[in-house]
Protein chains: 2
Amino acid sequence: MSATSAPSEVEARRTTADTVFNALREDITKMRLCPGTRLSEAEVAKQYDISRQPVREAFIRLDNLRLLQIRPQRATVVRPISREGIKRARFVRLSVELEVARLACEQYDGSADATLHQQLELQQASLEKADMTAFTQLDYSFHNQLCLAAERPHAMKVISDCKATTDRLCIPSAVYAKRTPEVLEDHREIVDRLVARDLDGLLAITREHLGRLDESLDAFQLEHSEYFED
Amino acid sequence: MSATSAPSEVEARRTTADTVFNALREDITKMRLCPGTRLSEAEVAKQYDISRQPVREAFIRLDNLRLLQIRPQRATVVRPISREGIKRARFVRLSVELEVARLACEQYDGSADATLHQQLELQQASLEKADMTAFTQLDYSFHNQLCLAAERPHAMKVISDCKATTDRLCIPSAVYAKRTPEVLEDHREIVDRLVARDLDGLLAITREHLGRLDESLDAFQLEHSEYFED
DNA sequence: ACACCCATTCTGGTATGGTAGTGTACCAGC
DNA sequence: GCTGGTACACTACCATACCAGAATGGGTGT
């Protein structure tokens, strides 16, 4: 899993290297820099008007996060996306969300009823305003609530890491936006099953819910196979 | 989480920085360097008779793997172990192994019967010879076989990463050695349940199996609380 | 005797110069 | 016209020098 909880994330700018690291990471994850794009230490250094050393440090960290690929004595490129990596992240997320659902269902005492229903209303409101950014945040918040209900707050970090791996595939995809109503319906059913303490039903809808994203991801892979390594 | 599939692992020595990185990583994961130990770039550089730059690069990579903690303008120390991190790794492993077991059980067609039983015999043989190293490898291999039976070979990478997080707690613990007979018994039952396609039984024994390690880990945390951050 | 301040000495961070390995383009030879 | 080799340009890698912030120890004032 990736090191998204690195201290550099807390305060965005401590050193010059951090600045470059954060900037490049944003560029890559937001697909402003596409996989395969060539980068050179000297070039980026000149661009930011700093020396090559901090750039090199940023490159190393991005390489560790599998966002860059440093090829010794050759060139550094934005790392092509690994289909295996995507599969793995999806598998981990499914596994974790299922266990979270199970724990939440077993321990559920109704204390989170109000919070969950409030979340659903907020999601609906954001959809009516067609505010995708808000909906994305609410989706994150919703799954976080499930983790809290399962008394496994740290599970959200894992899910968050999985999302980080797959998120950049969703940004350019308008397919996702069309499916948000289904996503909201899923969330409603998840809450219903949880409140009813219907474990089997909850696990089934959780699978279906996560499966939707898989379809969107597959579609993207077909559209943009040039971004992938294999 | 960790970058165990980094290209540096294939060929252990490509650059000077790789050499230092691998050496230090070994030292830390094998507990030759205990959490809290101070390290300085200059010191290590002198030790290896190289400049500070490659050492610095190695430090950065180890910091990304959460094995070191670089504290700017102060000192670099072997990062204290995070109890949260341990919990998270255990949770992820349990979740993944459960899903692997489920898939393996659903798809099981008996073709792996011979391989699995052979694995069990090898495990027994290594225990009779009190060869812990062999048993550890066979344990890895056994869980890998389960992933293959589930047709999720990449799941083993996740499990492997989780193990990497927790393994260094087991090395100094003699408690683990005493429990290996139980581990073998668990493996036997796992195979039995799988062959019988008894899903509920398989999930139950999988939980119990992984729970044993949790107990050992808890014991270690009580013994060596000085190695932990919180 | 105690507390506080300042200098010294650590630390990691940055800048720059030089090195060796790798692609590429150009030119010679066939 | 095509192929092969060689020179060149570019890359990441390493070494060295310098800088700024942080800790620490000793000295001084109270």
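Higher on the page you've got the structure.
Anyway, here's the lowdown on the structure attached to this text. Bear in mind that the values here come from a model prediction, so they are computed numbers and not experimental data. (Residues numbered from 1 in each chain as written. Chains lettered and ligands numbered in written order. Predicted model: local features only at pLDDT ≥ 70, side-chain atom pairs only at ≥ 80, totals over all residues. Heavy atoms only, no water.)

**With respect to the packing of aromatic side chains**
To describe a pair of aromatic rings, you give the distance between the ring centres and the angle between the ring planes. A full pass over the atoms with the stated rule returns four aromatic pairs over all chains. Centroid distance Phe220 of chain B to Phe228 of chain B: 6.3 Å. Interplanar angle 65°. Geometry classified as edge-to-face. By relative accessible area, Phe220 of chain B is classed as buried at 2%. Classification of Phe228 of chain B by relative accessible area gives buried; the value is 7%. Site record: aromatic cluster; members linked through ring pairs are Phe220, Tyr227 and Phe228 of chain A. Lying across the ring of Phe228 of chain B, Arg83 of chain B places its NZ or CZ 4.6 Å from the centre. (Phe/Tyr/Trp six-rings, centres within 6.5 Å; stacked < 30°, edge-to-face > 60°. Buried < 20%, exposed > 50% of the residue type's maximum accessible area, 1.4 Å probe, protein only. Lys NZ or Arg CZ within 6 Å of the ring centre and 35° of its normal.)

**Quick notes on unusual backbone geometry**
Within the chain, Arg197 of chain A stands out as a residue other than glycine whose phi angle is a positive 55°. Not every positive phi belongs to a glycine, and Glu151 of chain B is a case in point at roughly 60°. With respect to the helices and strands, Glu151 of chain B occurs in the loop between helix H6 (132–149) and helix H7 (155–170). (Helix = DSSP H or I, 4+ residues; strand = E, 2+ residues; numbered from the N terminus.)

**Things to note about the protein's contact with DNA strand C**
With respect to spatial proximity, 22 residues lie near DNA strand C, and among them Thr16, Ser51 and Arg52 of chain A together with Arg56 and Arg74 of chain B are the closest. Restricting attention to atoms of DNA strand C within 4 Å of the protein, one finds that 68% of them are sugar or phosphate atoms. Arg74 of chain B has a polar backbone atom sitting 3.2 Å from a sugar or linking oxygen of DNA strand C. Looking at the surface near DNA strand C, the elements that each hand over two or more residues are helix H1 (16–29) and helix H3 (52–64) of chain A together with helix H3 (52–64), strand S2 (68–71) and strand S3 (75–78) of chain B. By residue number, the principal contributor to the surface near DNA strand C is H3 of chain A, which donates three residues. (Near = heavy atom within 4 Å. Polar contact = N/O pair within 3.5 Å; in protein donor to acceptor, adjacent residues only side chain to side chain.)

**Looking at the protein's contact with DNA strand D**
Around DNA strand D, 23 residues are found, and the nearest of them are Arg56, Arg74 and Thr76 of chain A together with Thr16 and Ser51 of chain B. The sugar-phosphate backbone supplies 78% of the atoms of DNA strand D found within 4 Å of the protein. At 3.2 Å from a phosphate oxygen of DNA strand D is found a main-chain nitrogen or oxygen belonging to Glu41 of chain A. At a separation of 3.0 Å, a phosphate oxygen of DNA strand D approaches a polar side-chain atom of Thr76 of chain A. Of all the elements in the fold, those that place two or more residues in the surface near DNA strand D are H3, strand S2 (68–71) and strand S3 (75–78) of chain A together with helix H1 (16–29) and H3 of chain B.

Honestly, it's all geometry; don't read function into it.
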